[in-house]
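# Fold and geometry: a report
What follows is each chain in one-letter form.
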Amino acid sequence: MARYGMVMNVKTCLGCKACMAACSQWNQTPFWAEDGGKWRTRVTELQEGKFPEVKREFFPTICMHCVNPPCHSVCPTGATYINKDGIVLIDYDLCLGCGYCIEACPYDARYEYEKDDLEKDEFYFGEDARHHQVHVDKCTFCVDRLAEGEEPSCAATCVGHARIFGDLDDPKSEVAQLVNSGKAKPLGEYMGAQPKVYYIK
Amino acid sequence: MDLVQQHTWGWFIAIYLYFGGLGGATIALGILGELRFNKGKWFGIGTALLGLAILSFGLIWLILDLINPLRFLLALWVKGIAHSWIARGMIIITGAYVFGVLYALAAFFEWTTFKKWMGYAAMFCGFGVTTYTGLLLNANVGIPFWHTPALPVLFTVSAFSTGCALLMWVLAGKNDHESEHFFHAVEGFDIFLISLELLILFAYFDFARLGNAAVMKSSHMLLTNPLFTIGFVVLGLIAPLILEAYASMKENSKGLAAFASALVLIGGFLLRYLIVWAGVFQYPHGLAG
């Protein structure tokens, strides 16, 4: 049993969006959707400050895998559940598709995997298509890769070491050290969801 | 802080919230009329079934809002009952159907004691449906305008006000003594409810005036939308309040009260639609792309 978490280092994110590409290929998320696609992870471009003290930042986001997830609280069928490693997952067979979790998530981590997306998934991935029914979708910390001892695809592909993944319960792990030292802090703590994704800004 | 208007829920959910509340209130008020105001068994049966029919009509819209409406039967798999208001709502709605139908049967066959208990159980579930529609929105922590204890209260009061309005329509065509008596009781109750609704709205917007950025944005969106200010507040609350208060003091004024009821019914829908429309997420800075 682990307590997986991630640290996002906004200072070292290059904005290359390789994480988005890797995630969308591994998890077959609808990169084809209108208005820029639907993603389990995003990199938002921010402009901070005022001229002449202005800088551009790249802000990676993902499901926060909260300890007290509002999406889990509102799910009527128990489709959203927390596994033994603290990862918030969705059982697609039980997902009603009501969208309540999308509304409840204060971190904009969820989206609808719709009928059109299923068709496109099959079109692009053929026999390897992984989505066979409509459901609400979100980051899983690549739970299937973890089972094989690999890192989530976004962290594995990050060139700037901006995504640091590990076990928060292992004091020797880089992620635990960054969190325990206070360098990395969660977003929106006031909402009480207790996210397990932390940010170095 | 990034403020983003929600778009996942729209018309369909608003229609459901409206008819759910209206149906629940109609069941509760109708059975109250039969049990406490001697309105006769056909009134009780009629209003209980009318309430259930309205609730069913609302549920159709909820089902249509699912990503795949054919999966609606999964809603009966209420594993999340310990924490989810959709799961709890399913139990309350099922209770309204079961007790509502049992009440109607008991009333038809005149099983007096059984009818009374089933009637109270159906009333409780009807009341529950009105309140749960507000709690449903209330659970969304990322939308501060919804995440306030005032919302379930506002929706409950508004649902009962629309329920009163519908019953006044049903009663307006009848001229017997009991109907007259109950009509005026409902009219008086609706005047009280509309006044209370105005008070809650005032408190809601006063809270919003001093609230956080998302709450202020939501309230600004509503207060600058004529559909809310003129459509709901003026025509859906203040006008029917004045008309009903005037009608309650005059003889033979059922027509006027029925007209005011129509305004209340339209206003009730506008309230739900606009509250859903004005939901604004308050994301930590950087999240909204």
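As a starting point, this report considers the structure included with it. Since the structure is predicted, the reported quantities are computational estimates derived from the model, not experimental observations. (Residues numbered from 1 in each chain as written. Chains lettered and ligands numbered in written order. Predicted model: local features only at pLDDT ≥ 70, side-chain atom pairs only at ≥ 80, totals over all residues. Heavy atoms only, no water.)

Our next topic: the packing of aromatic side chains. What the rule picks out here adds up to 30 aromatic pairs over all chains. Taking the centre distance of 4.8 Å and the plane angle of 70° together, the rings of Phe31 of chain A and Trp32 of chain A count as edge-to-face. A residue is classified by how much of its surface remains accessible, and Phe31 of chain A, at 25% relative accessible area, is partly exposed. Arranged with centres 5.0 Å apart and planes meeting at 75°, the rings of Phe141 of chain A and Phe165 of chain A form a pair that is edge-to-face. Residue Phe141 of chain A is found in the loop between strand 7 (135-137) and helix 5 (143-147), and its partner Phe165 of chain A is found in strand 8 (residues 163-167); the two are separated by 24 residues along the sequence. Exposure remark for Phe141 of chain A: the relative accessible area of 1% places this residue in the buried category. Connected via pairs of aromatic rings, a cluster forms that spans Trp11, Phe12, Tyr18, Phe19, Phe57, Trp61, Phe269 and Tyr273 of chain B. A cation over an aromatic ring shows up here: Arg272 of chain B above the ring of Phe155 of chain B, its NZ or CZ 4.9 Å from the ring centre. (Phe/Tyr/Trp six-rings, centres within 6.5 Å; stacked < 30°, edge-to-face > 60°. Buried < 20%, exposed > 50% of the residue type's maximum accessible area, 1.4 Å probe, protein only. Helix = DSSP H or I, 4+ residues; strand = E, 2+ residues; numbered from the N terminus. Lys NZ or Arg CZ within 6 Å of the ring centre and 35° of its normal.)

Another point: the environment of Trp146 of chain B. In this fold, Trp146 of chain B is placed in the loop between helix 4 (112-138) and helix 5 (150-172). Sequence spacing of Trp146 of chain B and Ala278 of chain B is 132 residues, and the spatial spacing of their C-alpha atoms is 9.1 Å. Aside from chain neighbours lying at most four places away, what touches Trp146 of chain B is Glu103 of chain A together with Gln6, Trp9, Leu137, Asn138, Asn140, Leu151, Tyr204, Ile275, Val276 and Gly279 of chain B. (Contact = heavy atoms within 4.5 Å.)

A separate point is the nonpolar core. Formed by 145 residues in total, the largest nonpolar core has its most connected members in Met6, Tyr107 and Phe141 of chain A together with Leu137, Phe145, Trp146 and Ile275 of chain B. Here this core gets 13 residues from one element, more than from any other, and that element is helix 1 (residues 11-36) of chain B. Setting aside residues no more than four positions away along its own chain, Leu137 of chain B makes contact with Trp9, Leu17, Trp146, Leu151, Phe155, Ile275 and Val276 of chain B. (Core = buried A, V, L, I, M, F, W, Y, C linked by side-chain atoms within 4.5 Å.)

A word on the sheet that holds strand 8 of chain A. Residue and element names in this part refer to chain A. Spatial ordering of the open sheet is given by 8-1-10-9, a layout of 4 strands whose pairing is mixed. The open sheet has two edge strands, strand 8 and strand 9 (185-186), and neither has a second partner. Note: strand 9 against strand 10 (residues 197-200), 2 bridges, orientation antiparallel. The residue of strand 10 that forms the bridge with Lys185 is Tyr199. (Pairing = 2+ DSSP bridges.)

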